[in-house]
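Okay, here's what each chain looks like letter by letter:
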Amino acid sequence: MQSKLSKTIIGAIIAVALAAAVSYGLINQQTADQLQTKANQTLSDDQAAPTNPQQPVPAPTPQTPTPAPRP
C-alpha cells in the first residue's frame, strides 16, 4: 500500500502533466478533467487490484486542429 505522501506526489505530477497537455493543445480541458477524476479515484482506492485480467486501453483518436478563419 502506498503512503499518503506518495499518493499526493503522484496526484500532483498527474495534475501538472494534464495542465501542460491542455496548455499545448494536446487534449481539451474536459478530457483533462475526466482523466484527473479517474486518477484521483484510483489513488484514493485502498482496495487491491482486481484479479481479472486487464483489458487493453483503446488508442486515443488523433485530434486535428481546425484552421482559423482567414480575414
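Refer to the structure presented above.
Residues numbered from 1 in each chain as written. Predicted model: local features only at pLDDT ≥ 70, side-chain atom pairs only at ≥ 80, totals over all residues. Heavy atoms only, no water.

Draft legend 1. Representation of the overall build of the protein in the model. Helix and strand counts for the protein come out as two helices and zero strands. Counting the 71 residues in the protein, one finds 13% classified as buried. Put simply, the protein shows about 6,600 Å² of open surface, and 61% of that area lies on carbon and sulfur atoms. (Helix = DSSP H or I, 4+ residues; strand = E, 2+ residues; numbered from the N terminus. Buried < 20%, exposed > 50% of the residue type's maximum accessible area, 1.4 Å probe, protein only. Areas by Shrake-Rupley, 256 points an atom, 1.4 Å probe, with all protein chains shown as cover.)

Draft legend 2. Structural detail: the environment of Ser23. With respect to the helices, strands and loops of the structure, Ser23 is situated in helix α1 (residues 4-23). Of the residues examined, Ser23 reaches a relative accessible area of 58% and is grouped as exposed. A distance of 2.9 Å separates a polar side-chain atom of Ser23 from the backbone oxygen of Ala20. (Polar contact = N/O pair within 3.5 Å; in protein donor to acceptor, adjacent residues only side chain to side chain.)

Draft legend 3. Just the packing of α1 against helix α2 (residues 29-44), in detail. Where α1 meets α2, the closest approach of the two axes is 10 Å, and the angle between their N-to-C directions is 170°. On the basis of the axis angle, α1 is roughly antiparallel to α2. Touching Lys7, Ile10, Gly11, Ile14, Ala15, Leu18 and Val22 of α1 are Gln29, Ala32, Leu35, Gln36, Ala39 and Leu43, all from α2. Broken down by class, the residue content of the contact of α1 with α2 amounts to nine nonpolar, three polar and one charged. (Axes fitted to C-alpha atoms, helices over the stretch in contact; angles between N-to-C directions. Parallel < 35°, antiparallel > 145°, perpendicular 65-115°, else oblique. Contact = heavy atoms within 4.5 Å. Nonpolar A, V, L, I, M, F, W, Y, C, P; charged D, E, K, R; others polar.)

Draft legend 4. Local environment of the side chain of Gln36. If you trace the backbone, Gln36 turns up in helix α2. On the accessibility criterion, Gln36 (17% relative accessible area) is buried. Among residues more than four places away in sequence, those in contact with Gln36 are Gly11, Ile14, Ala15 and Leu18.

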